[in-house]
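A structural walkthrough
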4 protein chains.
Amino acid sequence: MAGNTIGNIFKLTTFGESHGKAIGGIIDGCPSGVKISIKKINFELNRRKTGQSNIVTPRKEKDKVEILSGIINNITTGTPIGFIIYNKDKISKDYNNIKNIYRPSHADFTYTKKYKIRDYKGGGRSSARETVCRVIAGSIAKQIIKNINICAYVSAVGNIKLNKKYNKLNLNIKNIENNIIRCPDKKIAKKMIKLIKIIKNKGDSIGGIITCVIKNVPIGLGEPVFNKLHAELGKAMLSINAVKGFEYGSGFNGTKKKGSEHNDVFIDKNKTKTNYSGGIQGGISNGMDIYYNIAFKPVSTIKKTQYSFNKNTNKLEKLKIKGRHDPCVLPRAVPIVEAMTALVILDYFLLNKLYK
Amino acid sequence: MAGNTIGNIFKLTTFGESHGKAIGGIIDGCPSGVKISIKKINFELNRRKTGQSNIVTPRKEKDKVEILSGIINNITTGTPIGFIIYNKDKISKDYNNIKNIYRPSHADFTYTKKYKIRDYKGGGRSSARETVCRVIAGSIAKQIIKNINICAYVSAVGNIKLNKKYNKLNLNIKNIENNIIRCPDKKIAKKMIKLIKIIKNKGDSIGGIITCVIKNVPIGLGEPVFNKLHAELGKAMLSINAVKGFEYGSGFNGTKKKGSEHNDVFIDKNKTKTNYSGGIQGGISNGMDIYYNIAFKPVSTIKKTQYSFNKNTNKLEKLKIKGRHDPCVLPRAVPIVEAMTALVILDYFLLNKLYK
Amino acid sequence: MAGNTIGNIFKLTTFGESHGKAIGGIIDGCPSGVKISIKKINFELNRRKTGQSNIVTPRKEKDKVEILSGIINNITTGTPIGFIIYNKDKISKDYNNIKNIYRPSHADFTYTKKYKIRDYKGGGRSSARETVCRVIAGSIAKQIIKNINICAYVSAVGNIKLNKKYNKLNLNIKNIENNIIRCPDKKIAKKMIKLIKIIKNKGDSIGGIITCVIKNVPIGLGEPVFNKLHAELGKAMLSINAVKGFEYGSGFNGTKKKGSEHNDVFIDKNKTKTNYSGGIQGGISNGMDIYYNIAFKPVSTIKKTQYSFNKNTNKLEKLKIKGRHDPCVLPRAVPIVEAMTALVILDYFLLNKLYK
Amino acid sequence: MAGNTIGNIFKLTTFGESHGKAIGGIIDGCPSGVKISIKKINFELNRRKTGQSNIVTPRKEKDKVEILSGIINNITTGTPIGFIIYNKDKISKDYNNIKNIYRPSHADFTYTKKYKIRDYKGGGRSSARETVCRVIAGSIAKQIIKNINICAYVSAVGNIKLNKKYNKLNLNIKNIENNIIRCPDKKIAKKMIKLIKIIKNKGDSIGGIITCVIKNVPIGLGEPVFNKLHAELGKAMLSINAVKGFEYGSGFNGTKKKGSEHNDVFIDKNKTKTNYSGGIQGGISNGMDIYYNIAFKPVSTIKKTQYSFNKNTNKLEKLKIKGRHDPCVLPRAVPIVEAMTALVILDYFLLNKLYK
């Protein structure tokens, strides 16, 4: 209800503030008897972590997951999986100057109004630090549905866009991880990195787009009417910090097409000629590739001097944000997008067992 | 779980197939003591109904809601509101030729695979006829949060686009209802209508975009982390038949912007200079206008001859779809978008009472 | 949330007031491909109906279910099952004299206080008429888990008690239905009926106990910790009108026993010597018989003159309740207990599929 | 779904095995701005803890709660409250001899069958150690609804029964805490303690009854039909380890009464003469005292030699359970009953805000 849980069957609930003691979560509804590699979880945490390259924030979060329950000898037992990461490299004094100021385009104002109290240190609960828990749970989910391939990558940074469709790319984890922006096209990757460096030097930030592709999805995932598979995927993506839009299959471009162009004709008993549907029809997966784009706004926290309102002085004031921040969240958001995808797909995979 | 319910507090559950006996629903969690006008519900049903103009399907659904419980002397009692509409103008024999064929880009294939049984008449449960129930519940929701103004309109049909932003338009129900496409700009409306007529004559269909604007939203709606207000709105919109994308505030265009351009500076204690955030920060409404775009694909059902796979003969066959269909769903989808918006906003309005 | 839904997977939501237009419900999450007999549903409705004998209320509800969706040619399709019964034999004027009076031990007072508005005719939503919907859904549930045998019977009326344990009785539907009190022991049944007739003639009412036995339950039903199988069964039973208590297995008598007497020793790989556990251990079914007792208070509505407070005159007044009522709800509650049992067992049966 | 969460609005999710690394939980939906005393939480933990007297297990769990998030300077922030207790005094080798044996009346058999894997050390997840988390969350709940008085006590141990009704006792925390069995009547308390010592010396265990009384409950708590207040309380109580029965108000004795005796007549606008209803009518609190009895079976773990089935050898074997256990759980269950009561009452208190 209060929004810290996701999932119907495979349920993740998270807790923790950016500069609090610890962050963590509980996974309830995990099937028993599945082998889980902690190494794989930490691999995903490393893809998300700060300080991984010179185009992300230099903060040093050495995040390694600690599993507290629900897994014995690397096998899930069916009981809830509790996990925790203690917060370490936090410099809370960096935030003293924003105690009474609402940072532009941050959650400072709305949290204060909603809860009448705000943890101003590092954004508190509204910080993207919370996504650490999503990545942990997502990695566990990935390991359960290991035959389903989930692959996200950066397809645009500002105006620099990868114009090839996903099925014209050589999509694999190696190709994506071999550059610091996580774009599978080396040339475009270079341009993106160059742009981010320029932006960074100006103390500014820039937005972009992540594309996610799911291959080998079983037919039948998704519950029609209100819980269509793409509606759940959309909600999960829109719940990621800084996301402003979601489109799947033909998306916004599809609105310009005619039905006779856009319809995916069945050419076999399980296969369509085109895939404008994006692998989902009537809210249910049809076995074709699922693909979607996610729009990320430029990070709100910038080094450049800004102005904002001080709720104590009731005046517009100069604001100089300290702390260490990302000029572009895209590369670090790639594993988050994959994690959220895995959570939704596994949840609907389990739900679909009810029809067998 | 099985997807026929929406809402946390104000919960709508619907039932019914396109060509079944009746469709209807139950609203649970409706506050007591609210005056409900049946006339207003029927007004919204009329906006959605078939046969309302020459650019929509000529089917004649004379839908008038019948309230069965939960309202006495036009006042809600706090008990569940049951409602029903019996299906009348249905011509089921039109569908005999598609019994064994999966219509392109329809839910025929996925329903058959998921449930092993399919009601092929009129699309059964996957038909947009189900949205009648959404419009009924949405109208009730609108009447409860009557101070919040929800206004949707058609902003693009195929390549014809209304380029003015919502705040440069004269947005009101009269202006939107005074043309059959429901676009508040008369000139553009004419062009859109002309395009749809051409498309219709070819037996084809066309997509488009609906924009929705919510004014006078209280500060504080939305539950952070997984249930951000825009994530719920996005899910609700993506659950509408034919929707392929959702973007709010600066949306996909915002990805091209720099933080210093995109940040919404507070210039007063409750007001920002710009509103790229689209009225939502950290997943919680900040009192500014909420606005978003919804992408609709071209209707899958077209009169033009197509090909598809027959699951009995195992062959690609010529397919000529009978029945009466929309060349463009946009005008009839406007009240559906508003209804889904009202359901989400009321639900989060009620949830927010818990913090008072 | 507002309490009109039961179930996790197989979800029943109901609507309707005693003297409103209709009562009905929606079942969401029903597996597809199951054969449903409407005749069997009506058989259960007949067991519950008024006027069935001279020890129940003479009201005449000729309830026959009308299925509106989700079932085609008697086979479930996996889409929501909508059903309805229009209210007929209602005499609303009988209730005019209680408009401003809170009937003793009824919900009149609490509904008025909670909702600020009350449908005083026939108890409105708080009337046991609502259980018609439970019986319908329960009969559908029974037909899905047809290998699991659910059998309830009256084991006490006032001080007249059936002292034999369930496993010393010849439990079957025939034996239970062959007398109007639904007690499988003929001698005791006679005594119970005699007592009820005396009570009825005095314009009074009497309580009693129903025992329910479930045989052939698969091992593994129930989710530990908060959703233990007996906790869900207990909640379901306590949700039935007039129920004051629930005990399973050794129940309240078990509190007097020593561990060495009470422990159920495994004498085979799937079987225990005794069954004080009542077929549930750690909240999960162990394959042995599940059995429990449910305490029903005497019906609050009696013909005898009573006194109560009039909220308008602010005075204690003589109260003479008109209308037609049951001197003892037990015989009509038997099918309701079975229905609620079926709903819980099927729900947990489906949930347990997630672990396969 | 998988049963490790309780609550609609104030939601507690717990994790942890008896002999795992840690146990803990997350509270989501806690109102912001409430002062929480950690000392009060630890006070309740001390009431529950092992080794508190010579009639409970001598294990030494020095449980002190560690709050990880959601509370700043002792004030709740509205974000999820994460908490943890690391397991310390565990002697896992005590359990090696039961690895392949299903202990009588324990969850060993059912967990093994359900999950195909079992954490046999200390009962794993099925251990009552899990209730530590309930006591923590319950204490937080108590502090939020501090005007509502919740008071539980031991009213029977084996055949020794406190025959006075709750309203004839001097009920307060001091009176209850001044003896190790937690019975407010000193004489009866002595007898109970004596009995438990005899039982303990025989290596056996004994059951009993806890009575719980809630005073000063606001009118209007409870959601009718399926979520009646007493149904939720019943479920919460039945979810506590070793509970076999629940009755409220007149309970099982009420079944013997006539309506004319049992009906609670309103003698004032907010007050009834008698209170057989137990403070709840139609599932909604009426402002009178709520009271109920909870039946606890004798602890399954006894020192006495027993027999049970070994799943490896397929033979009935002698079983000598090591470890340190309670001869009677009643005194330690008192704070658990209060905690579960507080969780339900707070949850329904918050839900009721939706009708204001």
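See the structure printed just above.
Residues numbered from 1 in each chain as written. Chains lettered and ligands numbered in written order. Predicted model: local features only at pLDDT ≥ 70, side-chain atom pairs only at ≥ 80, totals over all residues. Heavy atoms only, no water.

Notes on the interface of chain D and chain A
The test is simple: We call two residues in contact whenever any of their non-hydrogen atoms come within 4.5 Å of each other. As used here, buried area is the combined drop in accessible area, with a 1.4 Å probe, of two parts when they are placed together. For salt bridges, the criterion is a side-chain nitrogen of Lys or Arg within 4 Å of an Asp or Glu carboxyl oxygen.
Between chain D and chain A, the residue contacts involve 40 residues of the former and 40 residues of the latter. Summed over both sides, the interface between chain D and chain A buries roughly 3,100 Å², with carbon and sulfur atoms accounting for 63% of that surface. By the criterion of area lost to chain A, the three top residues of chain D are Phe 15, Ile 26 and Leu 68 of chain D, representing 17% of everything that side buries. Linking chain D to chain A there are two salt bridges.

Brief notes about the interface of chain B and chain A
As a reminder of what qualifies: For this analysis, a polar contact is any N or O atom pair within 3.5 Å, provided that within protein one partner can donate a hydrogen and the other can accept it, and provided that sequence-adjacent residues contribute only side-chain to side-chain pairs. Each residue gets one label: Ala, Val, Leu, Ile, Met, Phe, Trp, Tyr, Cys and Pro are nonpolar, Asp, Glu, Lys and Arg are charged, and the others, such as Gly, are polar. Note on pairing: DSSP must find at least two bridges between two strands before they are called paired. Runs of H or I in DSSP of at least four residues are treated as helices and runs of E of at least two as strands, each being numbered from the N terminus.
With 105 residues of chain B in contact, the opposing surface of chain A contributes 104 residues. Carbon and sulfur atoms make up 62% of the area that chain B and chain A hide from each other, which totals about 8,300 Å². The largest share of the area that chain B buries against chain A comes from Lys 114, Phe 226 and Lys 244 of chain B, three residues that together contribute 11% of it. Our count for the chain B to chain A interface comes out at four salt bridges. Taking the shortest distance from any N to any O, the salt bridge between Glu 223 of chain B and Lys 114 of chain A comes out at 3.1 Å. Between the two partners, chain B and chain A, sit 45 residue pairs in polar contact (both at pLDDT 80 or more). Tallied by class, the residues present in the side of chain B that touches chain A amount to 41 nonpolar, 43 polar and 21 charged. Where strand β11 (residues 243-248) of chain A and strand β11 (residues 243-248) of chain B come together, three bridges link them in antiparallel fashion. Bridge pairing links Gly 245 of chain A to Glu 247 of chain B in β11 of chain B.

Section: the packing of aromatic side chains
Note the threshold: Stacked, edge-to-face and tilted labels apply to pairs of Phe, Tyr and Trp rings (six-membered ring for Trp) whose centres lie within 6.5 Å, assigned for plane angles under 30 degrees, over 60, and everything in between, in that order. Each residue is assigned to one of three classes by its accessible area relative to the maximum for its type, calculated with a 1.4 Å probe on protein chains only: buried under 20%, partly exposed between the two thresholds, exposed over 50%. A ring has a charge above it when a Lys NZ or an Arg CZ is no more than 6 Å from the ring centre and no more than 35 degrees off the ring normal.
According to the stated counting rule, one finds 26 aromatic pairs over all chains in the structure shown. Centroid distance Tyr 102 of chain A to Phe 109 of chain A: 5.1 Å. Interplanar angle 85 degrees. Geometry classified as edge-to-face. Taking the relative accessible area as the measure of exposure, Tyr 102 of chain A reaches 4% and is therefore buried. Counting every residue linked through ring pairs, the aromatic cluster contains Tyr 102 and Phe 109 of chain A together with Phe 266 of chain B. Over the aromatic face of Tyr 248 of chain B sits the side chain of Lys 244 of chain A, whose NZ or CZ is 4.0 Å from the ring centroid.

Focus on the sheet that holds strand β10 (residues 208-215) of chain B
Note the cut-off: Interaxial angles span 0 to 180 degrees and are taken between N-to-C directions of axes, which are lines fitted to C-alpha atoms, for helices over the stretch in contact.
As summarised here, the arrangement of the 10 strands in space is β9(A)-β8(A)-β10(A)-β16(A)-β11(A)-β11(B)-β16(B)-β10(B)-β8(B)-β9(B), forming an open sheet in which the pairing is antiparallel. Where the open sheet ends on each side, the last strands, each with one partner, are β9 (160-161) of chain A together with β9 (160-161) of chain B. Two elements, strand β8 (residues 149-157) of chain B and β9 of chain B, share two bridges in a ladder whose sense is antiparallel. Looking at the pairing, Val 157 of chain B lines up with Ile 160 of chain B of β9 of chain B. Taken strand by strand, helix α5 (residues 186-201) of chain A contacts β8 (149-157) and β9 of chain A, and its axis lies near 55 degrees from that of β8 of chain A. Each of β8 and β9 of chain B touches helix α5 (residues 186-201) of chain B; the most contacted strand, β8 of chain B, lies at about 55 degrees to it.

A word on helix α2 (residues 108-115) of chain D
Burial within α2 of chain D is extensive, with seven of its eight residues counted as buried. The set of residues buried in α2 of chain D consists of Asp 108, Phe 109, Thr 110, Tyr 111, Thr 112, Lys 114 and Tyr 115 of chain D. For α2 of chain D, the secondary structure elements touched by its buried residues are β12 (266-268), β14 (280-281), β15 (284-285) and α8 (330-352) of chain C. Lys 116 of chain D sits one or two residues past α2 of chain D and shows a positive phi near 65 degrees.

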